[in-house]
Amino acid sequence: MANSAEGSTTHETHHVAESHADHDHHHELGFWRKYVFSTDHKVIGIQYGLTSLLFLFIGFTFMMLMRWQLAYPGEPLPLIGWLFSDETMPGGVMLPEFYNQLGAMHGTIMVFLGIVPLAVGAFGNYVVPLQIGAPDMAFPKLNMASYWVYFVGGIVMLVSFWVPGGAAQSGWTSYPPLANIVMTGQTMWLIGMVFLITSSLLGAVNFLTTIIQLRADGLTFFRLPFFVWAQFVTSFLLLLAFPPLEAAGVLQLMDRLVGTSFFMPSGLVVSGEALDVAGGGSPLLWQHLFWFLAHPEVYVLILPAMGIVAEVIANNTRKPLWGYKVMVYSLIFLGFMSFIVWAHHMFITGMGTAISGFFQITTMIISIPSVIILSALLLSLWGGSIRFTTPMLFALAFLPMFGIGGLTGLPLGLAPTDIPLHDTMYVIGHFHYVVAPGTILALFAGIYYWYPKATGRKLNDTLGKLHFWGSLIFMNGIFLPMFIQGMAGVSRRLYDGGQIYEFAEGVVHYNEFMSISAWLLAVAQIPFIINFFMSIWKGKEVDENPWEATTLEWTAAPSPPVGHGNFETIPVAHRGPYEYSVPGAATDFTPQNQP
């Protein structure tokens, strides 16, 4: 009875949404309502996608400026050095304060304004409703609000470079007491974060409601594509982990603006003068609130990436995912465990051995579901008739790159090895292997895979493969030497790359190699940028299902989907998401909506 009630509710909701779509069709929307303040999940997904790619480009530019300083400390920046003011780069030479601003804003922009909005805001918004057979998101106006709140947060972050004293320079972690006493830019960073967190919370509520309530008839939870499961668990992480940081952001704002001392300890002396604050605050309280979000945040980055890779691998091996149910259970367990590992970022704070032991154990446990998912994706390749398409190349590269990221994280999860490695370049290498050669390669796989869905045209394969090989090679050129530097003890905070320290003598020369790799990585993105924009008009036109896929977004909706309803007839799911190469079937793929 419960199932039939659920089915009828879903059906009813579809009819309501369909009537709204008809209503929109009869009253043609103007340009602003259709493309700017749109409530259509597809338009909002594209808005998120283009905006987040722009922010990724900006964050990447900041990194390239930092890499010049690390490779050639104290030397004027050639060609464009004159663009910067004397407050940041007098005579084209970077000041330490400006280096710190670039470091803080690079991390913030890449994570909160680039990767998360692309993985969840863009792919989630565009693909999830289509994959579950929904006419739109459950709350279209909330969806529009989530994009615009994100956009405002991003603008506030960028504008902070032009306020007195420049942008935030306390790192992307904003640790007090430093973050409480530096210039105005830190206040704008906190305001921007409050906007970004609010955007994520609005999106998370919307995704959870949509996936639970608007699934097509017959689409039970274990018939959902793995990508939808990944977005579902990610939404829970956003909903439960972000509020503590939003509260902490408001408290830190009060410390800065109203004179409270939630995070300000007693007896601080700054520039030879005792600070006049009430005192009694705890900098460690901020670390707990920050990392309670920021460890689940790592999985907010990686779970959608795993979802994308699963879709691409299943499609290009022409066989079902190996261990689909085990992968789903691992995903759920991963989400749950991500909330009880946060203090492994804090071993160096002097916690007791008992609590330290607890967080070491949970950190080792959380590696198990990641290994299960990665192993299942690798086993899915066995016996497959693999098509080496451009999205498949990016998806395949994700597997070893994420593997390196995961393996190098194990020493950081154990206090005896973490304490000497803490805050060294080793940590930067580990985190970036998870996020750059890992997540970003998966996001590129998603762009190449779903681009025909959004535009009706395919991206050029030759340019795509050029982009892939350049990205893979030069990403490793940047991040692999970081492990060597980190194990030699080079701190991640040194604005000259450790040149003045004797212990770094044998490894400091890697800075130039890593910087050249970073600039070549920028060159490797040129084929992608040309391909992305040229293919909108010149790309090869494709039919509705160019990849011969089985999931509803390819088999039930036209490419690109028209109007606000997505589907000409409401789809019904008759089977699981990956029925490839079924014995006795007429073709090597059996769509979910085929009776």
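Owing to the predicted nature of the structure, the values given are computational and were not obtained by experimental measurement. (Residues numbered from 1 in each chain as written. Predicted model: local features only at pLDDT ≥ 70, side-chain atom pairs only at ≥ 80, totals over all residues. Heavy atoms only, no water.)

Caption draft 1: Quick peek at the packing of helix H10 (residues 324–337) against helix H11 (residues 353–380). H11 packs onto H10 with a crossing angle of 155 degrees between their chain directions and a minimal axis gap of 9 Å. Here H10 is positioned roughly antiparallel relative to H11, judged by the angle of their axes. Like other packed secondary-structure pairs, H10 and H11 cross with a definite hand, here left-handed. Residues Val 326, Met 327, Ser 330, Leu 331, Phe 333, Leu 334 and Met 337 of H10 pack against Thr 362, Ile 365, Ile 366, Pro 369, Ser 370, Ile 372, Ile 373, Ala 376 and Leu 377 of H11. Tallied by class, the residues present in the contact of H10 with H11 amount to 13 nonpolar, three polar and no charged. (Axes fitted to C-alpha atoms, helices over the stretch in contact; angles between N-to-C directions. Helix = DSSP H or I, 4+ residues; strand = E, 2+ residues; numbered from the N terminus. Parallel < 35°, antiparallel > 145°, perpendicular 65-115°, else oblique. Left-handed = near helix turned anticlockwise from the far one by under 90°. Contact = heavy atoms within 4.5 Å. Nonpolar A, V, L, I, M, F, W, Y, C, P; charged D, E, K, R; others polar.)

Caption draft 2: Up close: the packing of aromatic side chains. Across all of its chains, the model carries 55 aromatic pairs by this definition. Plain terms: the ring middles of Phe 290 and Trp 291 are 5.0 Å apart, the flat faces sit at 90 degrees to each other, and that makes the pair edge-to-face. For Trp 291, a relative accessible area of 8% gives the class buried. Ring geometry for Tyr 448 against Phe 528: centres 6.1 Å apart, planes inclined by 55 degrees, an arrangement best described as tilted. Remark: Phe 528 occurs in helix H17 (residues 526–538) and Tyr 448 occurs in helix H14 (residues 425–455); sequence separation between them is 80 residues. A cation over an aromatic ring shows up here: Arg 215 above the ring of Phe 221, its NZ or CZ 4.2 Å from the ring centre. For Lys 325, the ring lying beneath its charged end belongs to Phe 222, and the centroid distance is 5.0 Å. (Phe/Tyr/Trp six-rings, centres within 6.5 Å; stacked < 30°, edge-to-face > 60°. Buried < 20%, exposed > 50% of the residue type's maximum accessible area, 1.4 Å probe, protein only. Lys NZ or Arg CZ within 6 Å of the ring centre and 35° of its normal.)

Caption draft 3: Structural context of the pattern of salt bridges. Enumeration according to the criterion identifies seven salt bridges in this entry. The partner of Lys 42 in a salt bridge is Asp 40, with the nearest N and O atoms 3.1 Å apart. According to the relative accessible area criterion, Lys 42 is buried, its value standing at 5%. For Asp 588, the salt bridge is made with Arg 318, and the minimal N-O distance between the two is 2.9 Å. Residue Asp 588 is found in the segment after helix H18 (552–555), and its partner Arg 318 is found in the loop between helix H9 (283–317) and H10; the two are separated by 270 residues along the sequence. (Salt bridge = Lys/Arg side-chain N within 4 Å of Asp/Glu carboxyl O.)

Caption draft 4: Broad picture of the packing of helix H7 (residues 185–213) against helix H8 (residues 226–257). The geometry of H7 relative to H8 is characterised by a closest axis approach of 8 Å and an angle of 155 degrees between their N-to-C directions. Classed by the angle they form, the pair H7 and H8 counts as roughly antiparallel. Crossing angle aside, the handedness with which H7 passes H8 is left-handed. Split into classes, the residues belonging to the contact of H7 with H8 amount to 23 nonpolar, seven polar and two charged.

Caption draft 5: Region of interest: a nonpolar patch on the surface. A grouping of Val 326, Phe 333, Phe 336, Ile 361, Ile 365, Ile 368 and Ile 372 is seen on the molecular surface, where their side chains present a nonpolar patch of about 620 Å² in accessible area. Of all the secondary structure elements, the ones that give two or more residues to the nonpolar patch are H10 and H11. Per element, the largest residue contribution to the nonpolar patch is four residues, and it comes from H11. For Val 326, the position within the fold is in helix H10. We classify Val 326 as partly exposed; its relative accessible area is 45%. (Patch = residues over 30% accessible without salt bridge, like charges linked within 9 Å, V, L, I, M, F, W, Y side chains within 5 Å. Areas by Shrake-Rupley, 256 points an atom, 1.4 Å probe, with all protein chains shown as cover.)

Caption draft 6: Main features of the side chain of Asp 255. Note on placement: Asp 255 falls in helix H8. In this structure, Asp 255 is buried with no salt-bridge partner, the nearest side chain bearing the opposite charge being Arg 256 at 9.2 Å. Among the polar contacts listed, one links the side chain of Asp 255 to the backbone nitrogen of Phe 262, at a separation of 2.8 Å. A distance of 2.9 Å separates a polar side-chain atom of Asp 255 from the backbone nitrogen of Phe 263. Not counting residues up to four positions away in its chain, the partners in contact with Asp 255 are Asn 180, Thr 260, Ser 261, Phe 262, Phe 263 and Met 264. (Lys, Arg positive; Asp, Glu negative; His and termini not counted. Polar contact = N/O pair within 3.5 Å; in protein donor to acceptor, adjacent residues only side chain to side chain.)

Caption draft 7: Quick look at the environment of Gly 563. For Gly 563, the location among the structural elements is in the segment after H18. Ignoring anything within four residues of it in the chain, the contact list for Gly 563 reads Asp 40 and Lys 42.

Caption draft 8: Seen up close, H10. Taking 1.5 Å of rise per residue, the 14 residues of H10 would be expected to cover 20 Å, and the 20 Å separating its terminal C-alpha atoms lies within 8% of that figure. Residues of H10 that are buried include every one of Tyr 324, Met 327, Val 328, Ser 330, Leu 331, Leu 334, Gly 335 and Met 337, and no others. Buried positions along H10 lie against H8, H9 and H11. (Expected span 1.5 Å × (residues − 1).)

Caption draft 9: Spotlight on empty space enclosed by the protein. Scanning all chains against the criterion turns up three cavities of 30 Å³ or more. The computed volume of the largest cavity comes to approximately 180 Å³. Tyr 48, Val 116, Pro 117, Ser 199 and Ser 200 are, among the 19 residues lining the largest cavity, the residues nearest its centre. For the lining of the largest cavity, the secondary structure elements donating two or more residues are helix H4 (96–131), helix H5 (140–159), H7 and H8. The calculated volume of the second largest cavity comes to roughly 50 Å³. (1 Å grid on protein atoms, 1.4 Å probe; cavity = no way out; pocket = protein on both sides within 12 Å on 5 of 7 lines; lining within 4 Å. Points joined across faces, edges and corners; volume = space filled by probe spheres on them.)

Caption draft 10: Here's a closer look at the side chain of His 430. With respect to the helices, strands and loops of the structure, His 430 is situated in helix H14. Of the polar contacts made by the side chain of His 430, one reaches the backbone oxygen of Gly 405; its length is 2.8 Å. The contacts of His 430, once residues within four sequence positions are left out, are Gly 405, Thr 408, Gly 409, Leu 412 and Phe 483.

Caption draft 11: Here's a closer look at the nonpolar core. Core analysis: the largest hydrophobic core is formed by 177 residues, its most contacted members being Met 105, Phe 226, Leu 245, Leu 303, Leu 377 and Phe 398. Sorting elements by how many residues they give to this core places H4 first, with 20 residues. (Core = buried A, V, L, I, M, F, W, Y, C linked by side-chain atoms within 4.5 Å.)

Caption draft 12: Focus on unusual backbone geometry. Across the junction of Pro 176 and Pro 177, the peptide omega takes the value 5 degrees, indicating a cis bond. For the bond from Ser 559 to Pro 560, the omega torsion is -5 degrees, close enough to zero to count as cis. For Asp 423, which is not glycine, the phi dihedral falls at a positive 65 degrees. In this fold, Asp 423 is placed in the loop between helix H13 (415–421) and H14. Looking at Asp 423, the relative accessible area reads 25%, which means it is partly exposed. In the Ramachandran plot, Ser 581 falls in the positive-phi region, its phi being about 55 degrees despite a non-glycine side chain. Tracing the sequence through the fold places Ser 581 in the segment after H18.

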